[in-house]
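So you can see what is in the structure, the chains are spelled out below.
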Amino acid sequence: MTNTHSNRCPICSPIMELDHTILHTTKDTLTLQCPNCNYVHKNHIPSPKLINCNVIVSQHEDSLSTTIPLSQDTILQLGDEFIVDTEEAIFVVTITSLESLSSAKRVAKTTAQNVKTIWTRAIDNVYVNVTIHSLGSERHQSRSMKFGVPGDYLFEIGKITTLDNSSFLIEGIHLRQDLQNNPVPKLKNRGEAALAKDIKRIYASEPKYSISYR
């Protein structure tokens, strides 16, 4: 499909816009060809107005406050992912809450010029809570552990996973509450999987006591 741009032709159509063919693009200029007379001309693209938006980044037990430059017309929505570059580190984050400037309320979607604060959660590196149970000779025992993994690390039910010298067989995955407050899915069938950034807790057993997924 040919890329086009609606624009006036200074030769044959100075009033009505036509769908010109885009011949070349630079940072702030389009080279266009008129579909009627084939006249080639350039069109300047005005740079978008940038504004600094307040961002709160939550990672593990810590929070960081910073600002990021965004075009004032940028649409922000719960669940959007983007990069926040700070002096301390570079984070990949997801939007968890948007505080509106106009209503002082939390909204699901807004523009950069109407947002007071963007609340986010770092998802490039996360901690996953794992409850591991064992069936000892005396009584059922369980312990809770926390593992640091990349956000895109995949956990699959029915597989034995080894992290930090601990091995466990995944039997269930409890996902995080979604941003629309829909019922939280709980994965329990063999082969079902989820990314670490989406997981609230994993339920597992020690491989030597596991019989469900032989």
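Structure: see above.
Below or above, wherever it landed, is the structure these notes cover. (Residues numbered from 1 in each chain as written. Predicted model: local features only at pLDDT ≥ 70, side-chain atom pairs only at ≥ 80, totals over all residues. Heavy atoms only, no water.)

Some words on the pairing of strand S16 (residues 160-163)
Phase 1 of the analysis: Only one face of S16 is covered, namely the one carrying Thr161 and Leu163; the face carrying Ile160 and Thr162 has none of its residues buried.
Phase 2 of the analysis: Note that S16 and strand S17 (residues 166-175) share four bridges and pair antiparallel. Residue pairing in the sheet places threonine 161 in a bridge with phenylalanine 168 of S17.
Phase 3 of the analysis: Hairpin geometry of S16 and S17 is characterised by an intervening segment of two residues between the two adjacent antiparallel strands and by a positive phi of about 50 degrees at aspartate 164. (Buried < 20%, exposed > 50% of the residue type's maximum accessible area, 1.4 Å probe, protein only. Helix = DSSP H or I, 4+ residues; strand = E, 2+ residues; numbered from the N terminus. Pairing = 2+ DSSP bridges.)

Observations regarding the pairing of strand S8 (residues 81-85)
Regular strands place side chains that alternate from one sheet face to the opposite one.
Phase 1 of the analysis: Along S8, the buried face is formed by Phe82 and Val84; none of Glu81, Ile83 and Asp85, which line the opposite face, is buried.
Phase 2 of the analysis: Relative to strand S9 (residues 90-100), S8 is paired through five bridges, and the arrangement is antiparallel. Bridge pairing links glutamate 81 to threonine 94 in S9.
Phase 3 of the analysis: Here S8 folds back onto S9 in antiparallel fashion, the turn holding four residues.

Side note on the layout of surface pockets
Phase 1 of the analysis: Taken as a whole, the second largest pocket spans an internal volume of roughly 250 Å³.
Phase 2 of the analysis: Forming the walls of the second largest pocket are 14 residues, and the residues nearest its centre are Gln59, His60, Val126, Tyr127 and Arg176.
Phase 3 of the analysis: Mapped onto the lining of the second largest pocket, the elements with two or more residues apiece are strand S5 (50-59), strand S12 (115-122), strand S13 (125-135) and strand S20 (199-205).
Phase 4 of the analysis: With four residues, the top contributor of residues to the lining of the second largest pocket is S13.
Phase 5 of the analysis: Taken together, the residues of the lining of the second largest pocket sort by class into four nonpolar, five polar and five charged. (1 Å grid on protein atoms, 1.4 Å probe; cavity = no way out; pocket = protein on both sides within 12 Å on 5 of 7 lines; lining within 4 Å. Points joined across faces, edges and corners; volume = space filled by probe spheres on them. Nonpolar A, V, L, I, M, F, W, Y, C, P; charged D, E, K, R; others polar.)

Here's the deal with the packing of aromatic side chains
Phase 1 of the analysis: Within the structure shown, the criterion is met by two aromatic pairs.
Phase 2 of the analysis: Where phenylalanine 147 meets phenylalanine 168, the ring centres are 5.6 Å apart and the plane angle is 25 degrees; that geometry is what we call stacked. Here phenylalanine 147 is found in strand S14 (residues 140-150), whereas its partner phenylalanine 168 is found in strand S17, with 21 residues between them in sequence.
Phase 3 of the analysis: Looking at phenylalanine 168, the relative accessible area reads 0%, which means it is buried.
Phase 4 of the analysis: For the pair tyrosine 153 and phenylalanine 155, a centre-to-centre distance of 4.8 Å together with 50 degrees between the ring planes defines the contact as tilted.
Phase 5 of the analysis: When its relative accessible area of 29% is taken as the criterion, tyrosine 153 is described as partly exposed.
Phase 6 of the analysis: Accessibility expressed as a relative area gives 1% for phenylalanine 155, which makes it buried. (Phe/Tyr/Trp six-rings, centres within 6.5 Å; stacked < 30°, edge-to-face > 60°.)

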